[in-house]
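Structural overview
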Amino acid sequence: MIDIPTLETTRLRLRPMISADFDFYRALMMSPRAVHMGGPFDLKTAWGMFTNDAAQWQFFGHGCLMIERRADGAVLGQIGINHGPLFPEKELGWLLYDGFEGQGYAIEAAEAMRDWAFDILGLVSLVSYCDPENQRSIALARRLGAVLDPDAIGQDPEDLVFRHYPAARG
């Protein structure tokens, strides 16, 4: 059994997924807000995506963690290092649930997960796949120091691929 880490930042706890987290995840994935991720999805697909996020820990030694606010335990979203046949490269991916955007939670979680991947996994780069219409995700990738890599293969043909390097830490 793999030891899934819990990472802590000033305001957040990035912790292993539990089955109760699916209610929040499902609500996002089945809503119009999932449009930039290929959705909205039906229940069966949302469940498959959720379990895939958890299973990656066993297969690859990395996967997704839930973003929890330390002050009150509220589940804010998910952060992860994705891989497997659906991802051409290891991807730093993020999602926030409705009402938690614009408060700096995504960048705080993404910096912690990115740094963990470089420090613990020893990765030399990561990518983030962004829908060209998802301006918030593109802005976050840029704030993280990632650079557009026009030669990288996207998860979808239209994706913009932003590359993260350890030197991008700020």
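Fair warning: this is a prediction, and the values are worked out from it, not measured in the lab. (Residues numbered from 1 in each chain as written. Predicted model: local features only at pLDDT ≥ 70, side-chain atom pairs only at ≥ 80, totals over all residues. Heavy atoms only, no water.)

**Overview of helix 4 (residues 135–143)**
- Taken residue by residue, helix 4 has Ser-137, Ile-138, Leu-140 and Ala-141 as its buried positions. Seen from one end, helix 4 has its buried residues packed into an arc of 160°, which puts them on one side. Projecting away from the buried face of helix 4 at angles above 90 degrees are the exposed residues Gln-135, Arg-136, Arg-142 and Arg-143.
- In this fold, the buried residues of helix 4 make contact with strand 5 (91–96), helix 3 (105–119), strand 6 (126–130) and strand 8 (160–164).
- Where helix 4 ends, the next residue or the one after it, Gly-145, has phi of about 90°, a positive value. (Buried < 20%, exposed > 50% of the residue type's maximum accessible area, 1.4 Å probe, protein only. Helix = DSSP H or I, 4+ residues; strand = E, 2+ residues; numbered from the N terminus. Arc of directions from axis to C-beta. Contact = heavy atoms within 4.5 Å.)

**Structural notes on the packing of aromatic side chains**
- In total, this model carries 8 aromatic pairs according to the counting rule given.
- The interplanar angle of 90° and the centroid separation of 4.9 Å between the aromatic rings of Phe-22 and Trp-47 together place this pair among those described as edge-to-face. Linking Phe-22 in helix 1 (residues 22–29) with Trp-47 in helix 2 (residues 43–60), this pair joins segments that are 25 residues apart in sequence.
- Since its relative accessible area comes to 42%, Trp-47 is described here as partly exposed.
- Among the aromatic residues, those joined into a cluster by ring pairs are Phe-22, Tyr-25, Trp-47 and Phe-50. (Phe/Tyr/Trp six-rings, centres within 6.5 Å; stacked < 30°, edge-to-face > 60°.)

**Things to note about the pattern of salt bridges**
- One pass over the structure, following the stated rule, counts 12 salt bridges.
- Across the pair Arg-13 and Glu-8 runs a salt bridge whose closest N-O atoms are separated by 2.9 Å.
- By relative accessible area, Arg-13 is classed as partly exposed at 24%.
- With relative accessibility at 44%, the residue Glu-8 sits in the partly exposed group. (Salt bridge = Lys/Arg side-chain N within 4 Å of Asp/Glu carboxyl O.)

**Focus on the pairing of strand 3 (residues 64–69)**
- The buried count for strand 3 comes to 6 of 6 residues, which makes it a mostly enclosed element.
- The sheet contact formed by strand 3 and strand 4 (residues 75–82) spans 5 bridges and is antiparallel. Looking across to strand 4, one finds that Cys-64 is bridged to Gly-80.
- With antiparallel pairing between neighbouring strands as the criterion, strand 3 and strand 4 make up a hairpin whose turn holds 5 residues, including Gly-73 at a positive phi of roughly 80°. (Pairing = 2+ DSSP bridges.)

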